Amino acid sequence: ENNNTNTPQHIFFHLFTTMTQEHVYKTLDTKAIHAGQAPDPHTGAVITPLSLSTTFAQTSPGVPYPANYEYSRSANPTRDALEGCIASLENGKHALTFSSGLGATAAISQMFTMGDHVICMDDLYGGTQRYFRTLGVRAGLELSFVDLSSDKVEELLKEAIQPGKTKMIWLETPTNPTLKISDVKKIAKIAHSYEEKIILVVDNTFMSSYFQTPLDLGADISMHSCTKYMNGHSDVVMGVAITKDDDIHQRLRYIQNAAGCVPSAFDSFLVLRSLKTLHVRMQRHAENAIRVAKFLEAHKKVAKVVYPGLESHPSHKLAKEQMRGFGGMITFFTVGGLNEAKAFLENLHLFQLAESLGGVESLVEHPAIMTHASVAVEQRALLGISDSLIRLSVGIEDCDELIEDLTKALDKIEA
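A brief structural summary. On a predicted model such as this, the values are computed, not experimentally measured, just so you know.

A few points about the overall build of the protein
Tallying secondary structure elements over the protein gives 15 helices and 14 strands in all. A principal-axis box enclosing the C-alpha atoms of the protein has dimensions of 75 × 50 × 35 Å. The buried share of the protein, reckoned over its 415 residues, is 57%. Carbon and sulfur atoms make up 53% of the accessible area of the protein, which totals about 17,100 Å².

Considerations on the pairing of strand β3 (residues 94-98)
Across the five residues of β3, five count as buried, placing the element largely inside the fold. The pairing of β3 with strand β9 (residues 239-243) spans five bridges and is antiparallel. Of the residues in β9, the one forming a bridge with L96 is A241.

Some words on the sheet that holds strand β12 (residues 352-353)
Two orientations exist for strands paired in a sheet by backbone hydrogen bonds: parallel and antiparallel. Taken together, five strands build an open sheet; the order of strands is β10-β11-β14-β13-β12 and the sheet is mixed. The sheet is open, and its two edges are formed by β10 (302-306) and β12, each paired on a single side. Here β12 runs beside strand β13 (residues 363-365); their pairing, made up of two bridges, is parallel. Note that in β13 the partner of Q352 across the bridge is L363. Contacting β10, β11 (329-334) and β14 (389-393), helix α11 (residues 278-297) crosses the sheet at an angle of about 10° to β11.

Describing the packing of helix α6 (residues 153-160) against helix α7 (residues 184-191)
Interaxial distance between α6 and α7 falls to 11 Å at its minimum, and their mutual angle equals 30°. As for how α6 packs across α7, the hand of that crossing is right-handed. The residues of α7 that touch α6, namely those facing V153, E154 and L157, are K186, I187 and I190. Looking at the contact of α6 with α7 residue by residue, the class counts come to four nonpolar, no polar and two charged.

Things to note about the sheet that holds strand β8 (residues 221-225)
Here seven strands make up an open sheet; going across it, the order is β3-β9-β8-β7-β6-β4-β5 and the pairing mixed. Because the sheet does not close on itself, it has two edges, and the strands there are β3 and β5 (142-146). Averaged over all pairs of adjacent strands, the angle between strand axes in this sheet comes to 20°, irrespective of strand direction. Bridge count for strand β4 (residues 117-121) against strand β6 (residues 166-172) is four bridges, and the pairing is parallel. Within the sheet, the bridge partner assigned to H117 lies in β6 and is T166.

Some points on the environment of L157
The residue L157 is located in helix α6 in this model. Sequence-wise, L157 and L179 are 22 residues apart; in three dimensions their C-alpha atoms are separated by 20 Å. Beyond its immediate sequence surroundings of up to four residues, L157 is in contact with I119, L148, I169, I187 and I190.

Some thoughts on the environment of E287
By the secondary structure assignment, E287 is in helix α11. A residue is classified by how much of its surface remains accessible, and E287, at 48% relative accessible area, is partly exposed. Residues E287 and M168 lie 119 residues apart in sequence; the distance between their C-alpha atoms is 35 Å.

Structural notes on helix α9 (residues 246-259)
In an α-helix there are 3.6 residues to a turn, and that puts residues three or four apart on one side. Between its first and last C-alpha, α9 extends 20 Å over 14 residues, near the 20 Å set by a 1.5 Å rise per residue. Three or more residues of α9 are buried, namely I248, H249, L252, R253, I255, Q256 and N257. The inward-facing, buried residues of α9 contact α3 (77-89), β3, α4 (101-109), β7 (199-203), β8 and β9. Near the N-terminus of α9, the side chain that reaches the backbone nitrogen of D247, with its oxygen 2.9 Å away, is that of D245. Phi turns positive one or two residues past the end of α9, at G260, with a value near 80°.

Cut-offs applied
- Residues numbered from 1 in each chain as written.
- Predicted model: local features only at pLDDT ≥ 70, side-chain atom pairs only at ≥ 80, totals over all residues.
- Heavy atoms only, no water.
- Helix = DSSP H or I, 4+ residues; strand = E, 2+ residues; numbered from the N terminus.
- Buried < 20%, exposed > 50% of the residue type's maximum accessible area, 1.4 Å probe, protein only.
- Areas by Shrake-Rupley, 256 points an atom, 1.4 Å probe, with all protein chains shown as cover.
- Pairing = 2+ DSSP bridges.
- Contact = heavy atoms within 4.5 Å.
- Axes fitted to C-alpha atoms, helices over the stretch in contact; angles between N-to-C directions.
- Left-handed = near helix turned anticlockwise from the far one by under 90°.
- Nonpolar A, V, L, I, M, F, W, Y, C, P; charged D, E, K, R; others polar.
- Expected span 1.5 Å × (residues − 1).
- Polar contact = N/O pair within 3.5 Å; in protein donor to acceptor, adjacent residues only side chain to side chain.

Laid out in structure tokens, this is it:
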């Protein structure tokens, strides 16, 4: 198999993208449909072919065909097309896909070694928390969890950073599930001010490439769970990491091949298909979400609503500055406690009670019991993940029907 990571893209991929490289696509809307997806040079097929072959013939031992493919773990034509498209959407140079969002997280963390220090946002997806606090620690990483959304972030980072030892800052913005927003530009400036530059990673899952491009704000790596908005149809599990940095790319490309945490060609095909409607879907998610957020904010059985698009959000101004929209995720607190939250959750019909997010269908979940159950009770209390906290992933259904569904469920709360 090909271990040559000095060639970041393959000849076949160049054939795929020849047409796209001749044109500079100005908007994400157009990139999503065309970037990395020129007609097949052999057949003229407009849609990128699905290459299911696991192995590729060689003309002589160690001499592959001109396309330079040998084994699909190392590289696959359909996966290459997807990676090219996502790199373009994020205004990056390289994208690397993995078999899940946590697979991408694991690969990024494997760039570092025993004794290296990592600073994490205090509020993270439960699976990310679990990974760093267990497997990360087991691998010898030293961790600090810091509220990077704080107005005192410069002071907090100055206290947390260990020059020469701190190698990475891991950030979610907005966070899962409390929707805290951090100033990416400010944190990037601090991270890069040290003699040994600290790599800034931003988990961009909640915003998708449509509403936020962290590399443009100074991040070194933007990552997603493509399972969510990037795919948007709840039928693929995948992760991706995007960078402009050639050295980071080479390190991650080696890990991708050596560790083998890669997505299938079929899943790559599905996500590439889904990206063609990313801009249309995200617009509708956001349109529905702001209406739902305002409805909830005015409801007597809702104690508090957290949504970046509301003026009541403490970081609303920052959200407007670094995001192009506010997304489809809403967090709110019912009146009362667990019993009241359950009464609401058990009486929804359009909103499906399920983990995950970002699909065209609306989902609802209870983080303390579901997605963040692996986070220690004490830590959940510090983060404000209480028994009355509800997370909504607002889909693209008719919004009047969604609000009617929420109304009927809230009416079941006895207050």
